[in-house]
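# Structural characterization, general
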Amino acid sequence: MRVDVVSLFPEFVAQMASHGVVARAQERGLLGVHGWNPRDYAEGNYRRVDDRPFGGGPGMVMLIDPLRAALEAARAADAAEARVIYLTPQGTPLTQDKVKELAGRSRLLLLCGRYEGVDERLVEAEVDEELSIGDYVLSGGELAAAVLIDAVARLQPGALNDAESAAQDSFEHGLLDCPHYTRPVEHALGTVPDVLLSGNHALIDAWRRRQALLRTWLRRPDLVDKAALGPEERQWLEQAAATSPE
Ligand SMILES: CN(C)c1ccccc1CNc1ccc(C(N)=O)cn1
């Protein structure tokens, strides 16, 4: 998968892509991340990339032409068609299902806004979809782009080894993850649930699934409704709900 990022701080995203799973995915040729700075395409000796908003008000708006030129340069760098995504608080909330859909594409072009955002005419002409990583405001779209890059990188076949993909699996089924424990067994902070020391993997898997279900039910009931629970899991939850102190 190729990801091009249009940003006034391309080194920001390149930095994030040079660590951990994303860096390894790049080393394995599973992913390529490329930055494009609109300032490199800005005219005039001040190389303006923003200007004051029509209608007045505080802040600045990103100019169309430097962004458009950066987008065109990014498109021209590879023959594959790119899905153009604008990261913005006004976007559709990003979910794991959307991440899975995007991870299957061959090319993404991420537009990162700064200031008060981008001239709407550029958005209408160039953007395929607007996505938000959550209901909060950041000083730029770069962090949101980094989140999206990380999430799609993990889903590239060959990006994760078996242990890491286990961590991925929990949310894959729309549930929260179960608790995790490691050495030592005895600690001032407490002990480890016996079942995890039993070596009985059927029991351990059942315990983990129930813990994930219980946590999801307690912390994110909205996810329980969406998760495709088996009849036995739904029945178990009803029992837990009946006995839970809540
Ligand atoms: C400067 N702002 C407010 C802005 C305004 C319009 C577009 C982009 C930005 C960049 N900021 C962002 C971007 C994304 C998210 C998110 N929730 O995905 C939060 N903030």
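Refer to the preceding data block for the structure.
First things first, this report covers the structure right here in the doc. (Residues numbered from 1 in each chain as written. Predicted model: local features only at pLDDT ≥ 70, side-chain atom pairs only at ≥ 80, totals over all residues. Heavy atoms only, no water.)

Another aspect to go through is the site of the ligand. Around the ligand, 17 residues are found, and the nearest of them are Tyr86, Tyr115, Ile133, Gly134 and Leu138. Between the ligand and Ser132, the relevant distance is 3.2 Å, taken from a nitrogen atom to a side-chain nitrogen or oxygen of the residue. A distance of 3.1 Å separates a nitrogen atom of the ligand from a polar atom in the backbone of Tyr136. Burial of the ligand by the protein amounts to 92% of the accessible area it has alone, namely 460 Å². It is strand 5 (residues 83–93) that provides the largest number of residues to the shell around the ligand, a total of four residues. For the shell around the ligand, the residue count by class is nine nonpolar, seven polar and one charged. (Near = heavy atom within 4 Å. Polar contact = N/O pair within 3.5 Å; in protein donor to acceptor, adjacent residues only side chain to side chain. Areas by Shrake-Rupley, 256 points an atom, 1.4 Å probe, with all protein chains shown as cover. Helix = DSSP H or I, 4+ residues; strand = E, 2+ residues; numbered from the N terminus. Nonpolar A, V, L, I, M, F, W, Y, C, P; charged D, E, K, R; others polar.)

Okay, the nonpolar core next. Counting residues in hydrophobic clusters, the biggest one holds 29 residues, and the most contacted among them are Leu31, Leu110 and Ile149. For this core, the secondary-structure elements that each account for two or more residues are strand 1 (2–6), helix 1 (10–16), helix 2 (20–27), strand 5, helix 4 (96–103), strand 6 (107–112) and helix 6 (142–154). No other element matches the eight residues that helix 6 contributes to this core. Ignoring anything within four residues of it in the chain, the contact list for Leu110 reads Val3, Asp4, Val5, Val6, Ile85, Leu87, Ala145, Leu148 and Ile149. Ranked by size, the runner-up nonpolar core spans 20 residues in total, among them Leu8, Val49, Leu109 and Val118. (Core = buried A, V, L, I, M, F, W, Y, C linked by side-chain atoms within 4.5 Å. Buried < 20%, exposed > 50% of the residue type's maximum accessible area, 1.4 Å probe, protein only. Contact = heavy atoms within 4.5 Å.)

Right, let's talk about the packing of helix 8 (residues 201–219) against helix 10 (residues 231–243) for a bit. When two helices pack together, their arrangement is given by the angle between the helix axes and the distance between those axes. Helix 10 packs onto helix 8 with a crossing angle of 60 degrees between their chain directions and a minimal axis gap of 11 Å. Classed by the angle they form, the pair helix 8 and helix 10 counts as oblique. In terms of crossing hand, the pair formed by helix 8 and helix 10 is right-handed. Where helix 8 abuts helix 10, its residues Arg209, Arg210, Leu213, Leu214 and Trp217 lie against Glu233, Trp236, Leu237, Ala240 and Ala241. When grouped by side-chain class, the residues that make up the contact of helix 8 with helix 10 number seven nonpolar, no polar and three charged. (Axes fitted to C-alpha atoms, helices over the stretch in contact; angles between N-to-C directions. Parallel < 35°, antiparallel > 145°, perpendicular 65-115°, else oblique. Left-handed = near helix turned anticlockwise from the far one by under 90°.)

On to the side chain of Ser7. Among the secondary structure elements, Ser7 is positioned in the loop between strand 1 and helix 1. With residues near it in sequence (within four places) discarded, Ser7 still touches Trp36, Asn37, Pro38, Cys112 and Glu142.

The parallel open sheet is built from five strands, whose spatial order is 2-1-6-5-7. Every other strand in the sheet has two partners, leaving strand 2 (32–36) and strand 7 (129–132) as the edge strands with one partner each. Across the sheet, the mean angle separating the axes of adjacent strands is 35 degrees when strand polarity is ignored. In this sheet, strand 6 lies alongside strand 1 in parallel orientation, the contact comprising five bridges. (Pairing = 2+ DSSP bridges.)

What follows covers the pattern of salt bridges. One pass over the full model with this rule turns up 16 salt bridges. Residue Asp4 pairs with Arg107 through a salt bridge whose shortest N-O separation is 2.9 Å. Placement of the pair is Asp4 in strand 1 and Arg107 in strand 6, with a sequence separation of 103 residues. Here Asp4 and Arg107 have matching classes, each one buried. Glu129 serves as the salt-bridge partner of Arg83, at 2.8 Å between the closest nitrogen and oxygen. With Arg83 in strand 5 and Glu129 in strand 7, this pair connects stretches of sequence that are 46 residues apart. Shared partners join several salt bridges into a network, and the residues in it are Arg83, Lys98, Glu101, Arg105 and Glu129. (Salt bridge = Lys/Arg side-chain N within 4 Å of Asp/Glu carboxyl O.)

Once that is clear, we can look at the packing of helix 4 against helix 6. Taken N-terminus to C-terminus, the directions of helix 4 and helix 6 make an angle of 70 degrees; their axes are 9 Å apart at the nearest point. On the basis of their axis angle, the class for helix 4 and helix 6 is roughly perpendicular. By crossing handedness, the relation of helix 4 to helix 6 is classed as right-handed. Where helix 4 abuts helix 6, its residues Val99, Leu102 and Ala103 lie against Leu148, Ala151 and Val152. Residues belonging to the contact of helix 4 with helix 6 are distributed by class as follows: six nonpolar, no polar and no charged.

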